[in-house]
Each structure stands twice: as C-alpha cells, then as structure tokens.
Amino acid sequence: MRRVVVVGGGVVGACSAYALAKAGKQVVIVEQKGFGSGSSHANCGYVSPSHVLPFAGPGAIGSTLKTLFQRNSPLKVRPGVALANLGWFLGFARRCNTRDMMAAGRAIQALLNSSRSLFEQLVETERLECEWETKGLLFVFRTPKHFEHYAHTNEMLAREFNMPARPLDSAALAALEPALNPGQAGGYLYESDAHLRPDRLMSELKRVLTGLGVEIRENCAFTGFVKGNGTVAAVKTASGEVAADQFVIATGAWTPKLNAELGCRVPIQPGKGYSITMPRPAVCPTYPLIFEEHRVAVTPFASGYRLGSTMEFGGYDESLNRSRLSLLTEGAKLYLRDPLAEPVQEEWWGWRPMTYDSVPVIDFAPAMSNVLIAAGHNMLGLSMATATGKLVAEMLGGGKTHIDPAPYSLRRF
C-alpha cells in the first residue's frame, strides 16, 4: 500500500481520493477550508456530455472585448485584470479558431463521456443520495434569430462529436416545459445530460470516503513541499507536515498560487460564477434549463431550486457583486412563469479554474516525479470529476489509462 496526499477537498480532489482508495491506496485529503466548501458547493450541478465546446472559439474575441465597455454583461472582464494577465488572454485569443476549438473539444469530450458513465456507476454502487436525475438539459431561445443560429451549432455537434440535441419548435417546447413563459422561439434538448445537487454530492462523498478509510483534514492549509532529489517527501501544512509517497494537487483556481512550489507555470485564471438558491417555486421547471442568450442556468432540485452562471474575470476578488446576482434574476424573469421563490436560502459565488484552451491539466509536475496536478477544469469540474479521479489513480498506479492523458499535459502551454 502506498500513501497519497490529495491537496484540495473539492469534487476533483474527492473523486481522485475515491479512485485511489478503491485502488488500495492509503489516502489523506488536505483542505484549507471545509471539505466541499469551494466551487463544488453551489454550482448548477450539471453532468453535461453536451458541453464539449471550449470557451475559446471563432467569434469569442469580439464578444470578450465588448465586455470591457459594457456595464452589465453576463461575461465580464475587468480591464486591469486583462492587462495584468496579458499572456493568458493572448493564449486565449490564439485559440479562437476552428482547428483549436475542435482539438480542445475532443479532449474535453473524452473526460465528459467517461465521467457521465462513471457517475451513473458511482451513484448506484455507493447509493449516493444526491438528487441524481437523468432528464437531460434543455437549451431555450427567446428569439427566432438565436434559435435558428443554434441549429448550425447543433448540426456541427452531431457531425463532429456525435452529440445531437432534439430540436423543439415553439409549440413543442411549450408542451415539454410548461414552466416557460409563452412565446419562446424554441429549444434543444440534450437527452444525454444529467444533474445532481452538488452540496449533497459532497456530503455523500465525505461519508463514502470516510467509510473507505480516507482521512480528511479540514481547515488545514497547504504551505509548501518537503523536497529532495526530484521528489516530494511530505506536504507542509498549517498543522504540520504530512508525509506520503505520492501527491495530487487538486486546488482548482488556487493552483497558480502554488506555481513557485510546483516549479512550473499552470496558466489558470479564476472566473467567478454566481448562484442563488431558494425553495422550488409554485410553477417549477421539470428540466434543467440554459437560457443561452442571457447566460442564465436554472436547476430544479428535488429539495430546492437554483439560478446560476455568469462569468467574471476579476482576479482573486472575494467580494459578492450584487449586480451579478441581478443578472440571474432579471434573466430568469424573461423566460419563466414563476422565476423566483422566497426565502432566498443562499447567495453564492465561486471561482472556476479557467485555462485559456478550456482543457484541464492532468499531468505530473515537471520537476517532481511523484506530484500529479489535476486542476483547470474550467466550468466543468463536476462534469469531469469522476473521469479525472479515475485517470489520476491510473497515472499514479503506472498502468494503462482508460483515456489518453496526452491532451491534458502541461507541455502544451
């Protein structure tokens, strides 16, 4: 048995710990705050094989530049952040083309498809009570122009990724989802997608991990490595050193803060997303919804209801911007008969770990042969978590991997 320390108690760290424990490793999770308290806590809970396209693609440069001059755009880039991190944004700009978009999409899809299957197995095997539902994901369009434009995207996704959606005209959409306001132009249903309640998932994973003998050290901040001869012997924490044979860095948007310790540059920017959680409204949607024109997502849980999304590149700013929350509520009012409910149970933000090509990093640190980085999952950390965990365990085990790890290498930067 080899001992592994996983730094980071979010969904990627938790799924890595699960796969490692199932492989017979002795695992310790080191988490600076509470287990599952970061971006894994109150996101929209989508497990989405449909989300294969990267953030960078044809036309993305223009739409990003517009946000520098718009006060309330769903995508917001602060000019000072763009200037201070010019290399990241230039890397993003260079990938806004069809060739790089397709390459990134294939790397993303490998993790998404694997994760979707693994989530099904995990929920069943471990009897997770996390409000898992497999109804699909419904994209809704208000205007005929945007509905018709998305037909080209849907055709491309079907042709290149075997990921078609079922198109719905206005009447079919209204019949399928009565919670929508009348007069929507149409929609597309991705029947392969699923959703769950993230905080319930993390509570259940904590239960399962503890049962497998995984030690979870909360409020235990990582401060560095004990290094020697190209390997690491232990992690330094606020509570002392934790020795192990192998180490996994699953620290999400915080990973660039560890660049000096890791001895490499992990190009991640924190992209702040928001959510509002409340009880189910009287007329509650049956399906999870994405309002693509306004970048608002809606998740109906068995135990509640959540509005989420927007993207704000504002650096490591820990404030909650109420105008961003207003974008969610005002957007929802345009589409839903009963968009809100009282009382609001939680107003939340979290940092998405954004790489400029939208592909995560799952690779060994170049200067330390027993340290594996698993970070940079962009907006799909939950959707990719189970496959990432399995891949991490396979790579640390030195055997054959179920998907090719090459696209997730640090050498691509």
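Relevant structure appears above.
Now for a description of the structure that goes with this document. It should be emphasised that the depicted structure is a prediction, and the values quoted were computed from it without experimental measurement.

Describing the environment of Tyr18
For Tyr18, the position within the fold is in helix 1 (residues 11-22). Taking the C-alpha atoms as reference, Tyr18 lies 27 Å from Arg265; in sequence the two are 247 residues apart. Leaving out residues up to four positions away in the same chain, Tyr18 has contacts with Leu122, Glu126, Val208, Leu209 and Leu212.

So, the sheet that holds strand 1 (residues 3-7)
On the basis of which strands lie adjacent, the open sheet formed by six strands has the order 9-2-1-13-20-19 and mixed pairing. One side of each edge strand has no neighbouring strand; the edge strands of this open sheet are strand 9 (215-217) and strand 19 (361-364). Between one strand and the next, the sheet's axes are offset by a mean angle of 15°, whatever the strand orientation. Bridging between strand 2 (residues 26-30) and strand 9 involves three bridges; their strand directions are parallel. Bridge assignment links Val28 to a residue of strand 9, and that residue is Glu215.

Describing the pairing of strand 10 (residues 222-228)
The sheet contact formed by strand 10 and strand 11 (residues 231-237) spans six bridges and is antiparallel. The residue bridging Gly224 from the neighbouring strand is Lys236, located in strand 11.

Here's the deal with the pairing of strand 19
In the sheet, strand 19 pairs with strand 20 (residues 371-375) via four bridges, with the strands oriented antiparallel. Note that in strand 20 the partner of Phe364 across the bridge is Leu372. In this structure, the hairpin formed by strand 19 and strand 20 is closed by a connection of six residues.

Points about unusual backbone geometry
Along the chain, Glu342 connects to Pro343 via a cis peptide bond; the corresponding omega equals -5°. Along the chain, Pro343 falls in the loop between helix 10 (322-333) and strand 18 (346-355). At Arg127, a residue that is not glycine, the phi angle is positive and equals roughly 50°. In this fold, Arg127 is placed in the loop between helix 5 (98-125) and strand 5 (137-141). Although it is not a glycine, Ser309 adopts a positive phi angle of roughly 115°. Among the structural elements, Ser309 can be located in strand 17 (residues 304-313).

How each quantity is defined
- Residues numbered from 1 in each chain as written.
- Predicted model: local features only at pLDDT ≥ 70, side-chain atom pairs only at ≥ 80, totals over all residues.
- Heavy atoms only, no water.
- Helix = DSSP H or I, 4+ residues; strand = E, 2+ residues; numbered from the N terminus.
- Contact = heavy atoms within 4.5 Å.
- Pairing = 2+ DSSP bridges.
- Axes fitted to C-alpha atoms, helices over the stretch in contact; angles between N-to-C directions.

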